[in-house]
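# Survey of secondary and tertiary structure
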Amino acid sequence: MSTLLVTGGMGFIGSNFVLYWLERHPEDRIMNYDALTYAGNPENTASVSGLPQYRFIRGDVADRMKVNEAFQEEKIDIVVHFAAESHVDRSIADPQSFVRANVLGTQTLLEAARTHGVSKFIQVSTDEVYGTLGSAGLFTETTPLAPNSPYSASKAGADFLARAYYETFGMPVVITRCSNNYGPYQYPEKLIPTIITRALRDEPVPVYGDGLNVRDWLYVQDHCSAIERVIRQGRPGQVYNVGGGSERTNLQIARHILAELGKPDRLLQFVADRPGHDRRYAIDSGKIQRELGWRPQCTLDQGLKRTVEWYLHHEAWWSKLPGSRPNSASQRTNGGD
Ligand code: NAD
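Since this is a predicted model, take the numbers as computed values, not measurements. (Residues numbered from 1 in each chain as written. Predicted model: local features only at pLDDT ≥ 70, side-chain atom pairs only at ≥ 80, totals over all residues.)

## Brief notes about the sheet that holds strand β7 (residues 180–182)
What counts, and what does not: Strand pairing is assigned whenever DSSP detects at least two bridges linking the two strands. Numbering of helices and strands starts at the N terminus; helices are DSSP runs of H or I of at least 4 residues and strands are runs of E of at least 2. Note on geometry: axes are lines fitted to C-alpha atoms, helical ones only across the stretch in contact, with angles between N-to-C directions running from 0 to 180 degrees.
The strand order across the open sheet formed by 3 strands is β7-β9-β11, and the pairing between neighbours is mixed. In the strand order of this sheet, the two ends are held by β7 and β11 (247–249), each with one partner. Between one strand axis and the next, the sheet turns by 50° as a mean value, whatever way the strands run. Sheet topology note: the strand β9 (residues 214–219)/β11 ladder contains 3 bridges and is antiparallel. The partner of Arg215 across the bridge, within β11, is Arg248.

## Details of the site of the ligand
Going by this rule: The rule is simple: place the C-beta atom from the backbone, and if it lies within 6 Å of a molecule or strand, the residue is near it. Only Asp, Glu, Lys and Arg are considered charged, only Ala, Val, Leu, Ile, Met, Phe, Trp, Tyr, Cys and Pro nonpolar, and every remaining residue, Gly among them, polar.
Looking at the ligand, there are 30 residues lining it, with Gly8, Gly11, Ala39, Gly40 and Ala84 nearest. When residues of the shell around the ligand are traced back to their parent elements, those giving at least two are α1 (12–24), α4 (95–116), β5 (120–126) and β7. Element by element, the count of residues in the shell around the ligand is highest for α1, at 3 residues. Across the shell around the ligand, the residue classes break down as 15 nonpolar, 11 polar and 4 charged.

## Section: the UniProt feature "domain: NAD(P)-binding" (unreviewed entry) in the chain
What counts here: UniProt positions are given in the numbering used here, feature names are shortened, and annotations may be inferred rather than shown by experiment.
Following the UniProt record, one finds the feature "domain: NAD(P)-binding" (unreviewed entry) at residues 5–307. For residues 5–307, the helix share is 40%, the strand share is 18%, and the end-to-end C-alpha distance is 27 Å.

## What to know about the domain arrangement of the chain
It is common to give the size of an interface as the accessible area lost on bringing the parts into contact. Selection rule: Where each domain begins and ends is defined by an automated method or by a domain database. The contact criterion used is a C-beta to C-beta distance within 7 Å, with each C-beta placed from the backbone.
Its domain assignment divides the chain into domain 1 (3–181 + 218–242) and domain 2 (184–215 + 247–283 + 298–318). Here domain 1 and domain 2 have C-alpha centroids that lie 25 Å from each other. Listed by partner, the interface residues are 27 residues for domain 1 and 18 residues for domain 2. Sorting the residues of the side of domain 1 that touches domain 2 by element identifies α1, α3 (88–93) and α7 (220–233) as the ones contributing at least two each. Of the residues contributing to the side of domain 1 that touches domain 2, the split by class is 8 nonpolar, 14 polar and 5 charged.

## With respect to the nonpolar core
Stated formally: By our criterion, buried Ala, Val, Leu, Ile, Met, Phe, Trp, Tyr and Cys residues that link up through C-beta atoms within 7 Å make up a nonpolar core. With C-beta atoms placed from the backbone, the exposure class of a residue follows from how many other C-beta atoms lie within 10 Å of its own: 20 or more, buried; 12 or fewer, exposed; in between, partly exposed.
Counting 82 residues, the largest nonpolar core has Phe17, Val79, Val80 and Ile195 as the members making the most contacts within it. Composition of this core by domain shows at least three residues from each of domain 1 (3–181 + 218–242) and domain 2 (184–215 + 247–283 + 298–318). Setting aside residues up to four positions removed in sequence, Ile195 forms contacts with Val205, Ile253, Ala254, Ile257 and Gly335.

## Here we look at helix α5 (residues 150–169)
Threshold: An expected span of 1.5 Å times one less than the residue number is assigned to each helix.
If you check α5, its first and last C-alpha atoms are 28 Å apart, about what 20 residues at 1.5 Å a residue would give, namely 28 Å. In terms of residue burial, α5 counts as a mostly covered element, since 14 of its 20 residues are buried. Following α5 by one or two positions, Gly170 has its phi on the positive side, about 70°.

## A word on the packing of helix α8 (residues 250–261) against helix α10 (residues 300–313)
Let me state the cut-off plainly: Here the angle decides the label: under 35 degrees means roughly parallel, over 145 means roughly antiparallel, 65 to 115 means roughly perpendicular, and every other value means oblique. Left-handed describes a crossing in which the near helix is turned anticlockwise from the far one by less than a right angle; the clockwise case is right-handed.
At a closest axis distance of 11 Å, the pairing of α8 and α10 adopts a crossing angle of 60°. Relative to α10, the element α8 lies oblique. Of the two elements, α8 crosses α10, and the hand of that crossing is right-handed. Contacts between α8 and α10 involve His256, Ile257, Glu260 and Leu261 from the former and Leu304, Lys305 and Val308 from the latter. A class-by-class count of the residues in the contact of α8 with α10 yields 4 nonpolar, 1 polar and 2 charged.

## Notes on the packing of α1 against α7
Following both chains from N to C, one finds α1 and α7 inclined at 65°, their axes separated by 9 Å at the closest point. Pair α1 / α7 crosses with right-handed handedness. Seen from α1, the contacting residues are Ile13, Asn16, Phe17 and Tyr20; seen from α7, they are Val220, Gln221, His223, Cys224 and Ile227.

## Things to note about the environment of Pro275
Mapping Pro275 onto the fold places it in the loop between β12 (268–271) and α9 (286–292). Overall, the presence of 10 C-beta atoms within 10 Å leaves Pro275 in the exposed class. Separated by 65 residues in the primary sequence, Pro275 and Asp210 place their C-alpha atoms 13 Å from one another.

## Brief notes about the environment of Thr108
Among the secondary structure elements, Thr108 is positioned in helix α4. Taking the C-alpha atoms as reference, Thr108 lies 39 Å from Val205; in sequence the two are 97 residues apart. If we ignore the near neighbours within four places in the chain, the residues touching Thr108 are Val61, Ala62, Arg64 and Val67.

Here it is in structure tokens:
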């Protein structure tokens, strides 16, 4: 039996991970530590909130006292650190909040984990730290970090701190760098839920620039299974890239979803490009496949079908979120990463 401290467990990937883990490891305990920003939604974990092995603590990862209190409440074995400001468009509007949450927050958590002692610390990171690619090539774990947005720069800063805590203090830190996730509970400011929710309402579907930016897509449950492998077998001090091997342009994704929903392509609306918009991300996940035996289980076609169905059946979940309407005051996105 282990106790996991999951930060950001009310957000998209974190909540999927909490549900994934408790279903497969009911003997383990999970402490979900989340500040409940706009992106954190307790409804995401409602199905496990009554379980004795689950508890929620509302707190900011950059709040040193609160983080230490959480570590004092029970002995933590494993930290899985998802909590972050995660949306590139918001990072362009307000870079400082990203530095606070992602850089200071990660260092605060690392320090508490070092003080109290843990058997593993998973720093959940992104392929965006590598910057952008031309039309060929893949990011490997040795690709130099060259982040281009305040979001990816703050995640790179967090990754460097995680690395330093391994090198300097010998902390058992492992970093994962994953490509774009999609699936249930993703906030409707990100590309795929933006396309689905706008199309369902027959509203214009915004596409940045020429729509030819390329991303690699991974169904969120496959990301959870990769993290599970890393928790079990990942080597401290290592980085593992995680990807779906499913490169598509944003335009291909938008057209695929419109076709899935039986909506016309004329809903597509090309809008001014995001500043500093990375052209292409593509990831080599050979290391985690070879060393830890991980493989994605869900194809992009299957995953998109499941995701579209989930949003169709969960309108009550997404329709009340700020940002799900194109003209809402809090709308800051045209549905990018
Ligand atoms: P999200 O925005 O959906 O959720 C983030 C969660 O963190 C929310 O519940 C929010 O309340 C919480 N949070 C934010 N700031 C906090 C703070 N200061 N203290 C405590 N909690 C805080 O994000 P997501 O898409 O689920 O991403 C989770 C992690 O995975 C992030 O670290 C992100 O960088 C990484 N990641 C995401 C993707 C992707 O495609 N979404 C891909 C690779 C890596």
